[in-house]
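Each chain, written out:
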Amino acid sequence: MVPDDPPPPPAKATAALGEATALYAHASPLNEDAPYHAFANCPPLQLKKPRLWKGEEGSTTTVRLLWNEDALYVCWELEGSAASPTAPDSIDAGCFEKLGLQQVPLDKQTVLLDERVECFLWQPQGRDRENDRRNQTYFAFEINYAGRALTNRANFDGTMGFDCNGAETCSTWTQELAV
């Protein structure tokens, strides 16, 4: 910490079960020589497969969060192996149209076919029946193993907005560590 930096905002002492706590960062960890080390003091949250998904639990995935006035920084730690990203030229052009996803930018379509991590952000607007969440907006960020990101500004009613300018919305950084 630089002596003239203001102190960070107060943080919660502990997170509830299944809740992630984000620590304050004075600067972007992406400006560090080793961005991963900026997350070292963040409380880890081990993610689990949603109950409704069929099949066995996969490899361990842990998330760590930092934030400041400019951004939320997410670090995923993935264990196990991952398949190589899908080559865009190997996809049938009509595949996404049949799935109703033709609005996904061409250079991002393979993210939906690849193994990926996802971050969903939503600020609830009220908690009564008049403020039904179907009309509320959430943001989704999906990043594949190659660091290609797909951004989506969507509503709970199923409306998708894959045109929310991902280059200005998020940036990615990947590092593979053999253990």
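Scroll up to find the structure.
Residues numbered from 1 in each chain as written. Predicted model: local features only at pLDDT ≥ 70, side-chain atom pairs only at ≥ 80, totals over all residues. Heavy atoms only, no water.

Draft legend 1. Here's a closer look at the state of the cysteines. All chains considered together, the criterion is met by zero disulfides. Free of any disulfide, Cys42 has its nearest neighbouring cysteine sulfur in Cys75, separated by 8.0 Å. (Disulfide = S-S within 2.5 Å.)

Draft legend 2. Expanded view of the sheet that holds strand E7 (residues 149–155). Taken in spatial order, the three strands line up as E5-E6-E7 in an open sheet, and their pairing is antiparallel. Strands with a single pairing partner mark the edges of an open sheet, and in this sheet they are strand E5 (116–122) and E7. In this sheet, adjacent strand axes meet at a mean angle of 15 degrees when their direction is disregarded. Two strands pair when backbone bridges link them, and E5 and strand E6 (residues 137–144) are joined in this way by seven bridges, in the antiparallel orientation. Counted as the bridge partner of Cys119 is Phe141 from E6. (Pairing = 2+ DSSP bridges. Helix = DSSP H or I, 4+ residues; strand = E, 2+ residues; numbered from the N terminus. Axes fitted to C-alpha atoms, helices over the stretch in contact; angles between N-to-C directions.)

Draft legend 3. Spatial organisation of the packing of aromatic side chains. All told, the structure shown has four aromatic pairs when counted by the stated rule. Ring plane angle 80 degrees and centroid distance 4.9 Å describe the contact between Tyr24 and Trp67, whose orientation is recorded as edge-to-face. Of this pair, Tyr24 sits in strand E1 (residues 22–24) while Trp67 sits in strand E3 (residues 61–67), and the two are 43 residues apart along the sequence. Ring centres of Trp122 and Phe156 lie 4.9 Å apart, and the angle between their planes is 70 degrees; on these two criteria the pair is classed as edge-to-face. A residue pair is termed long-range when its members are at least 10 positions apart, and Trp122 in strand E5 and Phe156 in the loop between E7 and helix H2 (166–169) qualify at 34 residues. The class of Phe156 is partly exposed, set by a relative accessible area of 29%. An aromatic cluster is built from Phe120, Trp122, Tyr138 and Phe156, whose rings are joined through pairwise contacts. (Phe/Tyr/Trp six-rings, centres within 6.5 Å; stacked < 30°, edge-to-face > 60°. Buried < 20%, exposed > 50% of the residue type's maximum accessible area, 1.4 Å probe, protein only.)

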